[in-house]
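Read off the chains here:
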Amino acid sequence: MSAREVAVAVGERLAEAERAGLNATLAWSEAALLAEADRVDALPEPGPLHALPVAIKDNIVTTGLPTTCGSRILAGYRSPFDATVVDRLHAAGAMVACKTNLDEFAMGSSTEHSAYGRVRHPMDPSRVPGGSSGGSAALVASGAVPMALGSETGGSVRQPASFCGVVGVKPTYGRVSRYGLVAFGSSLDCVSVFARTVGDAARVLRVIAGPDPRDATTLAAPPIAPLRSGATLSGTTIGVPREYFPGDLDRGVRAGCDAALARMRELGATIVEVSLPHSSLAVPTYYIIAPAEAAANLARFDGARYGTRAPAAGDVRALYRATRGAGFGAEVRRRILVGTYVLSAGYYDAYYGHAQAARRRIAGDFSSAFAAGVDLLFAPTTPTTAFKAGEKTGDPVSMYLADVFVCPASLAGLPAMSLPIGRSEGLPVGGQLIAPALAEARMLAAAAALESVLDATGEVR
Amino acid sequence: MSVSRADVERVAALAELAVAPGDLAELTAQMDRIVGFVAQLSALGDLSIGAAEPMGPRETPLRDDIVVPADLVHGPPELAPEFVDGFFVVPKLGAMEEP
């Protein structure tokens, strides 16, 4: 197929996803798709992602399509530059298919907090696709695109990947440039990848990874090695953290993980139980650090530097307050207020200081497990399968706890991924692999081996 | 630790965020719930004792001290509210300060 034929086919699928009511896209057009195809056809040689359409979460800036972050405050905003990850996709021959819906400024676990309406789960519209990268996950799961970019701050790719039954890979903090990713929690943010297979996710990750002079936090590390072929885990020790299998874990999720562990054992892996004793601190730690960083990062959206300006009488501060009060949605306002509270005079040590210390403890747990000889950790990605829309919106803390198994690796800056390991009552179950820093190749190889022997669409028992 | 209505009004002012009076009661209840949840860390005592694991990059990376032109699709004259003779026009500082 020519790039133009691919572009036309993708346009038809995106239109079909819209008609199905997924609400997963925020911006796309046939004209933009054809322009992408013409650019690919003009490349001197086909790249490693030649003519592959990739959906882009709408907090990653693109010049060809607007970037709203799912917020009213950035309605219609057009970036004057492309994110580094978009430049690298283009250089590899990929096409930007569309911008995808998300929780506003990537703050949420269900994609119900978008100013442009909630995203529906592709298999059951009464349920959520997870979040905050719910639009990207739903589009890949529905078959509209083969791959998508999302972003992780505290699990925003692995959690929706698990809910939607696709592969979601978060790299090591610093492995992929954030130049052009709208900042949320700068010590946590990672551009991450969705795909239907481990191999496709690895291909995209290899293209977008690598040092970037425009992002001083990128690591000068050797490139991620190509995916090894061969389904074996011989010589690999998989640690199973007991704190990730609490007594009230959903029965289907537990059954899926047990089955996946049995397959890994058959592939030659040694399975050992390990302890990550500070895991229960991860969610409260995350919900101090991330809002604190968000409160600072979102200060720029004030109607003067960025953002739709609200009409306001009075001085410049009245303009800021009116713009931000009208422009941000409920969850973003909550997090800015919590972040400002925990950083304010008199509370800093009690909250932020303790959270920084807890974060070091959590990272130390992982270091100890890997130092003891564990190559990878395996755990459920989420405590349940996809929940019903509206089920958790009344209680923010209940929503935050949906991220209990994905937050720890984010706080430790480690690579981690979710892959589909079966279905429970028809809904996807995700298994999570966590690797030492920069060991993405090891993690992806193990995931590919597991993928090759699992029936990801079969009911777990 | 409980969050009061006055606390919410104070941090909203610090955050330059207008909050409608009708939203204050619900926001106060939600803030109280969230702050109460994260406060469980404080109850654990000093977690920094013995926690030697450093977070983030092991050393501060510095980029080369070279000015590289930004590859912008729209140049500064198109982006700025006012741009004259190669300069951004900004309000006088005094005009932005509170009396």
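The residue count restarts for each chain, going from 1 along the sequence in the order it is written. Starting at A for chains and at 1 for ligands, labels are handed out in the order in which the entities are written. The predicted nature of this model means local features are confined to residues of pLDDT at least 70 and side-chain atom pairs, given and counted, to a pLDDT of 80 or more, with totals for whole chains, interfaces and linings taken over all residues.

### Examining the overall build of chain B
Okay, so step 1: Secondary structure elements follow DSSP: runs of H or I of four or more residues count as helices, runs of E of two or more count as strands, with numbering from the N terminus. Tallying secondary structure elements over chain B gives four helices and two strands in all.
Okay, so step 2: Start at the N end of chain B and walk to the C end: the helices and strands fall as α-α-α-β-β-α.
Okay, so step 3: Among the 99 residues that make up chain B, the fraction classed as buried is 17%. Around each residue's C-beta, the other C-beta atoms within 10 Å are counted; 20 or more make the residue buried, 12 or fewer make it exposed, and counts in between make it partly exposed. All C-beta atoms are placed from the backbone.

### So, the overall build of chain A
Okay, so step 1: Helix and strand counts for chain A come out as 14 helices and 11 strands.
Okay, so step 2: Radius of gyration: over C-alpha atoms. The globule rule applied is 2.2 Å multiplied by the number of residues raised to the 0.38 power. Over its C-alpha atoms chain A spans a radius of gyration of 21 Å, differing by no more than 12% from the 23 Å that the globule rule assigns to 461 residues.
Okay, so step 3: The principal-axis extents of the C-alpha atoms in chain A amount to approximately 70 × 60 × 45 Å.
Okay, so step 4: Burial analysis of chain A (461 residues in total) assigns 62% to the buried set.

### Examining the packing of helix α6 (residues 198-208) of chain A against helix α14 (residues 440-453) of chain A
Residue and element names in this part refer to chain A.
Okay, so step 1: Comment: axis = line fitted to C-alpha atoms, over the contacting stretch for helices; angle = value between 0 and 180 degrees taken between N-to-C directions. As a packed pair, α6 and α14 sit with axes 9 Å apart at the nearest point and diverge in direction by 160°. Our classification of the angle between α6 and α14 gives roughly antiparallel. Seen from α6, the contacting residues are V198, G199, A202 and L205; seen from α14, they are E440, L444, A447, A448 and E451.
Okay, so step 2: Polarity classes work like this: nonpolar for Ala, Val, Leu, Ile, Met, Phe, Trp, Tyr, Cys and Pro, charged for Asp, Glu, Lys and Arg, and polar for all others, with Gly in that last group. For the contact of α6 with α14, the class distribution of residues is six nonpolar, one polar and two charged. Here roughly perpendicular refers to angles of 65 to 115 degrees, roughly parallel to angles under 35, roughly antiparallel to angles over 145, and oblique to all remaining angles. Contact between two residues is assigned whenever their backbone-derived C-beta positions fall within 7 Å.

### Looking at the interface of chain B and chain A
Okay, so step 1: Taken together, the contact pairs 37 residues of chain B with 45 residues of chain A.
Okay, so step 2: Mapped onto the side of chain B that touches chain A, the elements with two or more residues apiece are α1 (5-14) and α2 (24-38) of chain B.
Okay, so step 3: At seven residues, α2(B) tops the list of elements feeding residues into the side of chain B that touches chain A.
Okay, so step 4: For the side of chain B that touches chain A, the per-class residue count stands at 24 nonpolar, six polar and seven charged.

### Some details on the pairing of strand β5 (residues 167-170) of chain A
Residue and element names in this part refer to chain A.
Okay, so step 1: The alternating pattern of β5 places V167 and V169 on one face and G168 and K170 on the opposite face, and all of these are buried.
Okay, so step 2: By this definition, two strands are paired if DSSP reports at least two bridges between them. Taken together, the three bridges between β5 and strand β6 (residues 190-195) define a ladder with antiparallel strand orientation. Note on β6: the bridge partner recorded for V169 is V193.
Okay, so step 3: Summarising the sheet, β5 and strand β10 (residues 416-424) pair through three bridges and their orientation is antiparallel. Bridging across to β10, K170 finds its partner in A416.

### Digging into α2(B)
Okay, so step 1: End to end, α2(B) covers 21 Å across 15 residues, agreeing with the expected 21 Å (1.5 Å per residue, within 8%).
Okay, so step 2: Of the residues making up α2(B), those classed as buried are L27(B), T28(B), Q30(B), M31(B), I34(B), V35(B) and V38(B).
Okay, so step 3: Structurally, α2(B) contributes buried residues whose contacts are with α8 (282-297), α10 (330-343), α11 (348-371) and α12 (396-400) of chain A together with α1 of chain B. Multiplying 1.5 Å by the helix residue count minus one yields the expected span of that helix.

### Quick look at the nonpolar core
All names here are of chain A.
Okay, so step 1: With 174 residues, the main nonpolar core has V54, M95, A97, F194 and L433 as its most contacted residues.
Okay, so step 2: In terms of residue count, α8 provides more of this core than any other element does, 10 residues in total.
Okay, so step 3: Leave out the neighbours within four places in its chain, and M95 touches A3, A7, L33, E36, A37, V40, A51, L52, P53 and V54. In this description, a nonpolar core means buried residues of the types Ala, Val, Leu, Ile, Met, Phe, Trp, Tyr and Cys, linked to one another by C-beta atoms lying within 7 Å.

### Quick look at the environment of V85(A)
Residues and elements named next belong to chain A.
Okay, so step 1: Topologically, V85 is positioned in helix α3 (residues 84-91).
Okay, so step 2: With 27 C-beta atoms counted inside 10 Å, the residue V85 sits in the buried group.
Okay, so step 3: For the pair V85 and K170, spaced 85 residues apart in sequence, the C-alpha separation works out to 14 Å.
Okay, so step 4: Ignoring anything within four residues of it in the chain, the contact list for V85 reads I60, L149, V176, S177, G180, V191 and I208.

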